Amino acid sequence: MIPKLYDHLMDSTNNNVRTIYLSRHGESNNNLYGKIGGDAGLSQQGWLYAKALFNFFQSRHVSGIWTSQLKRTHQTTKYLECPKIIVETGINEISAGDHDSMTYEEIAQQFPEEFALRDQDKLRYRYPNGESYMDVVARLEPVMKKIMHENNLLIVSHQATLRCVLTLLLGTEMEELPYMRVPLHTVIELRLCGEEVEVTNHRLKVECVDTHRAKPGNCEINRNPSDACITVPVHL
């Protein structure tokens, strides 16, 4: 079921073509080591992406940039020339709560039941003292309303948050939201006109890790650690 927010957004009578750019931060040191959340800085490849992002936007007009509160998004925009850069707390990454800065393997080993429960219902599972994807969707409501009045805006955010933004704008199925692919080092260009949204992915040529974890076949609480971690992306 698509949230009511989506219906509200698509009721817009604004038929002018508007462009919104979405990007995750550059590869971070936590990405390299398979750690979720945290406030790590960019890796060497992440800094190269920040420079590639500057080159990409040399031929495109950006009237505003939004970043989250986290260091890696600020570093990603370091080389961009824009007079209006805003820290938008609503686009912070999903809070992993007690599991922040842990690897998936560590969570599976130390909190096997929690890890299984998240795999069973990733959309609604809430991290202990953290957030669920549905919590992120809810906190994005005022942000989404502002986005609909923007043009030539670049949003530099995070995997889980951008999954939510894209789901709300494209009207894709909510159950698919937690598994949407939003790769690193890719600029997603959205052209909005009335109810239509055209999507173009620009993969910039800077190598990085893949942080996408597919749903494993075995989501039972009594599974062994190897089954629990079978889809964990390769990392250092």
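Higher on the page you've got the structure.
Note that the structure is predicted; figures quoted are calculated from it, not measured.

Draft legend 1. Here's a closer look at the overall build of the protein chain. When helices and strands are counted, the protein chain shows 10 helices and six strands. Rg of the C-alpha trace for the protein chain: 18 Å, near the compact-globule value of 18 Å for 236 residues, within the 12% margin. Dimensions along the principal axes, computed over C-alpha positions, put the protein chain at roughly 55 × 40 × 25 Å. Relative to its full complement of 236 residues, the protein chain shows a buried share of 53%. At a minimum sequence separation of 6, the contacts of the protein chain that also span at least 24 residues come to 70%. On the protein chain, roughly 11,100 Å² of surface is accessible, and the fraction owed to carbon and sulfur atoms is 49%. Each charge sign in the protein chain was given a centre, from 25 positive and 30 negative side chains, and these centres are 5 Å apart.

Draft legend 2. Quick peek at the side chain of T167. Looking at the element boundaries, T167 is found in helix α9 (residues 159-170). Among the residues examined, T167 registers a relative accessible area of 1% and is labelled buried. Those residues in contact with T167 that lie beyond four places of it in its chain are T172, E173, M174, L177 and M180.

Draft legend 3. Region of the structure containing the packing of aromatic side chains. Using the criterion set out here, one finds five aromatic pairs in the structure. Here the aromatic rings of Y125 and Y127 are separated by 5.7 Å at their centres, their planes lie at 80°, and the arrangement is edge-to-face. This pair shows no difference in class: Y125 is buried, exactly as Y127 is. Each residue in the set Y21, F56 and F57 is aromatic and connected to the rest through ring pairs, giving one cluster. Taking NZ or CZ as reference, R60 lies 3.9 Å from the ring centre of F56, over its face.

Draft legend 4. Just the side chain of S28, in detail. In this fold, S28 is placed in the loop between β1 (18-24) and α2 (29-32). Judged by its relative accessible area of 1%, S28 is buried. Residue contacts for S28: discarding those within four places in its chain leaves A40, G41, L42, S43 and R72.

Draft legend 5. Structural context of helix α3 (residues 44-56). For α3, built from 13 residues, the straight-helix expectation of 18 Å at 1.5 Å per residue is met to within 8% by its first-to-last C-alpha distance of 19 Å. Those residues of α3 lying buried are G46, Y49, A50, A52, L53 and F56. Angular distribution of buried residues about the axis of α3 spans 165°; they occupy a single face of the element. Turned more than 90 degrees from where α3 packs its buried face, Q44 and N55 sit exposed. On its buried side, α3 packs onto β1, α4 (71-76), β5 (186-193) and β6 (196-203).

Draft legend 6. Focus on unusual backbone geometry. Even without being a glycine, N129 presents a positive backbone phi close to 60°. The topology assignment puts N129 in the loop between α6 (112-120) and α7 (133-139). For N129, a relative accessible area of 68% puts it in the exposed group. A positive phi is found at H185, a non-glycine position, where the angle reads about 55°. Tracing the sequence through the fold places H185 in the loop between α9 and β5.

Parameters at a glance
- Residues numbered from 1 in each chain as written.
- Predicted model: local features only at pLDDT ≥ 70, side-chain atom pairs only at ≥ 80, totals over all residues.
- Heavy atoms only, no water.
- Helix = DSSP H or I, 4+ residues; strand = E, 2+ residues; numbered from the N terminus.
- Rg over C-alpha atoms; globule rule 2.2 N^0.38 Å.
- Buried < 20%, exposed > 50% of the residue type's maximum accessible area, 1.4 Å probe, protein only.
- Contact = heavy atoms within 4.5 Å.
- Areas by Shrake-Rupley, 256 points an atom, 1.4 Å probe, with all protein chains shown as cover.
- Lys, Arg positive; Asp, Glu negative; His and termini not counted.
- Charge placed at Lys NZ, Arg CZ, Asp CG, Glu CD.
- Phe/Tyr/Trp six-rings, centres within 6.5 Å; stacked < 30°, edge-to-face > 60°.
- Lys NZ or Arg CZ within 6 Å of the ring centre and 35° of its normal.
- Expected span 1.5 Å × (residues − 1).
- Arc of directions from axis to C-beta.

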